[in-house]
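# Working through the structure, step by step
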Amino acid sequence: MVHASEEPFNAEPPRLALISSYVTPVDYFYKRNHGPIPIVEDIDRYFVSISGLVQNPKDIFMKDIWSLPKYTVTATLQCAGNRRTAMSKTRKVKGVGWDVAAIGNAVWGGAKLTDVLELIGVPKLTSVTSLGGKHIEFVSIDKCKEEHGGPYKASIPLSQATNPVADVLLAYEMNGEPLNRDHGYPLRVIVPGVIGARSVKWLDSINIIAEECQGFFMQKDYKMFPPSVDWENINWSTRNPQMDFPVQSAICSLEDINFVKHEKITIKGYAVSGGGRGIERVDVSTDGGKTWVEASRYQKPGIPYNAGDSCSDKWAWVLFEAEAEVPQSAEIVAKAVDVAANVQPENVEVIWNLRGILNTSWHRVHVRIGHSNM
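Residues numbered from 1 in each chain as written. Predicted model: local features only at pLDDT ≥ 70, side-chain atom pairs only at ≥ 80, totals over all residues. Heavy atoms only, no water.

Stated precisely, the cut-off is as follows: UniProt positions are given in the numbering used here, feature names are shortened, and annotations may be inferred rather than shown by experiment.
In the annotation of an unreviewed UniProt entry, the entry for the protein reads Sulfite oxidase, and the organism field reads Coffea canephora. Quoted straight from UniProt, the Cofactor (unreviewed entry) entry for the protein says "Mo-molybdopterin".

### With respect to the side chain of Thr129
For the record, the criterion: Where helices and strands are cited, they refer to DSSP runs of H or I of at least four residues and of E of at least two residues respectively, numbered from the N terminus. We call a residue buried when its accessible area falls under 20% of the maximum for its residue type, exposed when it is over 50%, and partly exposed in between, using a 1.4 Å probe and counting protein chains only.
The topology assignment puts Thr129 in the loop between helix 4 (113-118) and strand 7 (135-143). Given the relative accessible area of 11%, Thr129 is considered buried.

### Notes on the packing of aromatic side chains
Stated precisely, the cut-off is as follows: By convention, a stacked pair of Phe, Tyr or Trp rings (six-membered ring in the case of Trp) has centres within 6.5 Å and planes under 30 degrees apart, an edge-to-face pair has planes over 60 apart, and any other such pair is tilted. Here, a charge over a ring means that NZ of Lys or CZ of Arg falls within 6 Å of the ring centre while also lying within 35 degrees of the ring normal.
For the structure on display, the rule yields 11 aromatic pairs. Each ring, one from Phe216 and one from Phe217, has its centre 5.1 Å from the other, and the planes form 80°; the classification is edge-to-face. On the numbers, 5.0 Å between centres and 85° between planes, the contact of Trp292 with Trp362 is edge-to-face. With a gap of 70 residues between them, Trp292 in the loop between strand 16 (279-285) and strand 17 (293-294) and Trp362 in the loop between strand 20 (329-338) and strand 21 (363-369) connect regions that are remote in the sequence. Connected via pairs of aromatic rings, a cluster forms that spans Phe29, Tyr30, Trp98 and Trp108. Above the plane of the ring of Tyr71 lies Lys112, whose end atom (NZ or CZ) is 4.8 Å from the centre. Positioned above the aromatic ring of Trp292, the side-chain terminus of Lys335 is 4.5 Å from the ring centre.

### Focus on the sheet that holds strand 21
For clarity, the threshold we go by: Two strands pair if DSSP finds at least two bridges between them.
The 5 strands are arranged 14-21-20-16-17 in an open sheet whose pairing can be described as mixed. Edge positions in the sheet fall to strand 14 (257-260) and strand 17, since each has one partner strand and no second. Looking at chain direction, strand 16 and strand 17 are connected through 2 bridges and run antiparallel. Residue pairing for strand 17: Asp283 is matched across the bridge by Glu294.

### Points about the UniProt feature "domain: Oxidoreductase molybdopterin-binding" (unreviewed entry) in the protein
UniProt annotation of "domain: Oxidoreductase molybdopterin-binding" (unreviewed entry) refers to residues 34-216 when read in the numbering used here. As annotated, residues 34-216 comprises 13% helix and 34% strand, and the C-alpha atoms at either end are separated by 11 Å.

### What to know about empty space enclosed by the protein
As a reminder, the rule being used: Two kinds of site are reported from a 1 Å grid over the protein atoms alone, namely cavities, where a 1.4 Å probe fits but cannot get out, and pockets, open sets with protein on both sides within 12 Å along at least five of seven lines, and residues are called lining when an atom falls within 4 Å of a point. Grid points are joined across faces, edges and corners, and a volume is the space filled by probe spheres set on the points. Side-chain classes follow a simple rule in which Ala, Val, Leu, Ile, Met, Phe, Trp, Tyr, Cys and Pro form the nonpolar group, Asp, Glu, Lys and Arg form the charged group, and the remainder, Gly included, forms the polar group. Segmentation into domains, and thus their bounds, comes from an automatic or database assignment.
Taken as a whole and assessed by the stated rule, the structure comprises 2 cavities of 30 Å³ or more. Quantified by volume, the largest cavity comes out at close to 240 Å³. Around the largest cavity, the lining is made up of 19 residues, and of these Arg32, Arg188, Gly196, Ser199 and Lys201 lie nearest the centre. Among the residues making up the lining of the largest cavity, the classes are represented as 9 nonpolar, 6 polar and 4 charged. In this model, the second largest cavity occupies a volume close to 50 Å³. Around the second largest cavity, the lining residues are Gln78, Cys79, Ala80, Asn82, Ile195, Phe245, Pro246, Gln248, Leu358 and Thr360. The two domains that each donate at least three residues to the lining of the second largest cavity are domain 1 (2-220) and domain 2 (248-369).

### As for the environment of Val326
The condition that has to hold: In what follows, residue pairs with any heavy atoms lying within 4.5 Å of each other are defined as contacts.
As for its placement among the helices and strands, Val326 is situated in the loop between strand 19 (318-325) and strand 20. Between the C-alpha atoms of Val326 and Ile265, which are 61 residues apart in sequence, the distance is 7.4 Å. Beyond its immediate sequence surroundings of up to four residues, Val326 is in contact with Glu263, Ile265, Thr286, Ile332, Val367 and Ile369.

### Topic: the layout of surface pockets
Approximately 580 Å³ is the volume attributed to the largest pocket. Looking at the largest pocket, it is lined by 26 residues, and the ones nearest its centre are Arg32, His34, Lys145, Glu146 and Phe217. A breakdown of the residues in the lining of the largest pocket according to their chemical character gives 10 nonpolar, 6 polar and 10 charged. Considered class by class, the residues forming the lining of the second largest pocket number 6 nonpolar, 6 polar and 9 charged. Counting contributing residues, the lining of the second largest pocket receives three or more from each of domain 1 (2-220) and domain 2 (248-369).

### Things to note about the side chain of Asn258
Definition in use: Between N or O atoms, a polar contact is any pair within 3.5 Å; within protein, one atom must be a potential hydrogen donor and the other a potential acceptor, and residues adjacent in sequence are included only when both atoms are from side chains.
Relative to the helices and strands, Asn258 resides in strand 14. In this structure the side chain of Asn258 is engaged in a polar contact, spanning 2.5 Å, whose partner is the backbone oxygen of Glu255. Ignoring anything within four residues of it in the chain, the contact list for Asn258 reads Val365, His366, Val367 and Arg368.

### Points about the domain arrangement of the protein
Many analyses report the size of an interface as the accessible area lost when the parts associate. What counts is decided by this rule: Accessible-area loss on putting two parts together, using a 1.4 Å probe and summing over both, is the definition of buried area adopted here. What counts as a salt bridge is simple: a side-chain nitrogen of Lys or Arg found within 4 Å of a carboxyl oxygen of Asp or Glu.
Per the domain assignment, the segments of the protein are domain 1 (2-220) and domain 2 (248-369). Computed over C-alpha atoms only, the centres of domain 1 and domain 2 are separated by 27 Å. Facing the 36 residues of domain 1 at the interface are 40 residues of domain 2. Together, Arg15, Tyr22 and Arg83 form the three largest contributors to the area buried by domain 1 at its contact with domain 2, with a combined 27%. The interface formed by domain 1 and domain 2 includes 2 salt bridges. Note that Arg15 and Glu255 form a salt bridge whose closest N and O atoms lie 3.7 Å from each other. Across the contact surface, domain 1 and domain 2 share 21 residue pairs in polar contact (both at pLDDT 80 or more). Secondary-structure elements contributing two or more residues to the side of domain 1 that touches domain 2 are helix 1 (15-18), strand 5 (70-78), helix 3 (84-90) and strand 6 (103-112). Grouping the amino acids of the side of domain 1 that touches domain 2 by side-chain chemistry returns 16 nonpolar, 12 polar and 8 charged.

And the structure:
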């Protein structure tokens, strides 16, 4: 793993590791923390307290979670700051310096949040409780300095939390094994199609509240501002917390600068979009975007990928591949288009923001035929 910061510990794999398999091995799944990694030792005494604007607050133990139907959801998690380092080259931004690998695709196993909420009398497809609850707040055991030593927390709308189609999980497994400490043992939230900051790890409690969570990472971080806003004129209250992530792709078979022996190369990478929107197309260029070829897309081996097909994983990335002949020197570019015809912006300047989130600009790498003199 490539360490992005030591305290708190943040790390991503080499980009090439991401395309070794459709499901990212746990050892190569990026690690994102806002404080020291907590330890839960006594699983029998561990519980999640569910309270707030509900008639029947309750403490839920792991045996209660395990007794509910188990679901598996293949979903890609992506840190909102993925590809921040490239954005910082345009203009300095604040945040962990991620390359293109603060992202991973896993098979999450656990109970659907809809089933858990029914234990306290909140039916499926509820937008507001009888006491006025409209949002679900997830509170972590994790403590962080941004909350002045308090817990990390985030929220999603109740309408999303109670919709079975949204596939929100209280997950206790990752790739068929119990969660490890880095990824939220013993229980974490998985909110598919949404930036990773809302998939709270090391779950401590769930609150049903009237307004969205007022925590630091909902109100003073992970918001998308225009390039004109800087630290002198920022007004956090003018923007909503970021939820869905935009369409994204990156080349993983090549580094930013490459020296290759042959003119014919294979270009591989990932593409993904938030909100359950599949990938309609991935375009690859070897001349900086003047001309394009369409890459092949795939998820599970041997099963053709169709963005709207029930056999495809709607919350997960696709891997792409294209072969191309390159001249002596070339700029290789990739861009993805999702099923709603959203396309990545051509350059980073138009989406620059002071926190360096959601860099979804065309991904560019450079290739030269020959040997490096370095």
